[in-house]
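# Coordinate analysis (summary)
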Amino acid sequence: QNFADMKYGLDPAFRFTVSRAVYKGMLKYLSNRYGIPYTVQPLPVSEMAVTFGEDSEAVISWTDTEDKLEPTAIPSGYILYTRIDDGAFDCGKIITPSEEGRSLSYKTEIEAGHIYSFRVQAFNDGGKSFPSETVSIGMPEESDRKDSTVLIVNNFDRVSGPVCFDT
């Protein structure tokens, strides 16, 4: 081990990239060895968001993440998991993309007085991606409702290791 090894070894983005490269290398080797076609699991979705639609409707949207080095990693569908209040996530609803494009969305009805949380996983013949981040939405009861909206933006991704210095 040296300083550069430790610097990269603690970087979460680098660790994910290296792990995926090892996975794809093993998959391609076994595919070639046994003469079986392969499909690489898709990358996690990005730009996950939830907004209010018409009336009591939530619009969940996300963007497909393209693996530019692997053409087989295209998702064939998505699984939308839903949680109400403090309960557990359900078994998921399979969503197949209806048109070409990287930006996808789904509409669902919500009830006032509950907090709905959502997350999405992409899937194909190679498996499921890691789940997206969890996004939540809720409406107050009619008696508590006011004519104002609150928007919360999560603009933080932990994509680096600790600060390092070499003296």
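Structural notes, computed from the coordinates. (Residues numbered from 1 in each chain as written. Predicted model: local features only at pLDDT ≥ 70, side-chain atom pairs only at ≥ 80, totals over all residues. Heavy atoms only, no water.)

Quick look at unusual backbone geometry now. You will see that Asp55, though not glycine, has its phi angle at about 50°, which is positive. You can see Asp55 is positioned in the loop between β1 (46-52) and β2 (57-63). Exposure remark for Asp55: the relative accessible area of 75% places this residue in the exposed category. We note that Asp85 has phi near 55°; this positive angle belongs to a residue other than glycine. Mapped onto the elements of the fold, Asp85 is located in the loop between β3 (77-84) and β4 (93-95). We classify Asp85 as partly exposed; its relative accessible area is 31%. (Helix = DSSP H or I, 4+ residues; strand = E, 2+ residues; numbered from the N terminus. Buried < 20%, exposed > 50% of the residue type's maximum accessible area, 1.4 Å probe, protein only.)

Further remarks concern the packing of aromatic side chains. Any aromatic ring pair is given by two values, namely how distant the centres are and how the planes are angled relative to each other. A full pass over the atoms with the stated rule returns three aromatic pairs. For the pair Tyr8 and Phe14, a centre-to-centre distance of 5.1 Å together with 40° between the ring planes defines the contact as tilted. Above the face of the Tyr34 ring, Arg33 is positioned so that its terminal group lies 5.4 Å from the ring centre. (Phe/Tyr/Trp six-rings, centres within 6.5 Å; stacked < 30°, edge-to-face > 60°. Lys NZ or Arg CZ within 6 Å of the ring centre and 35° of its normal.)

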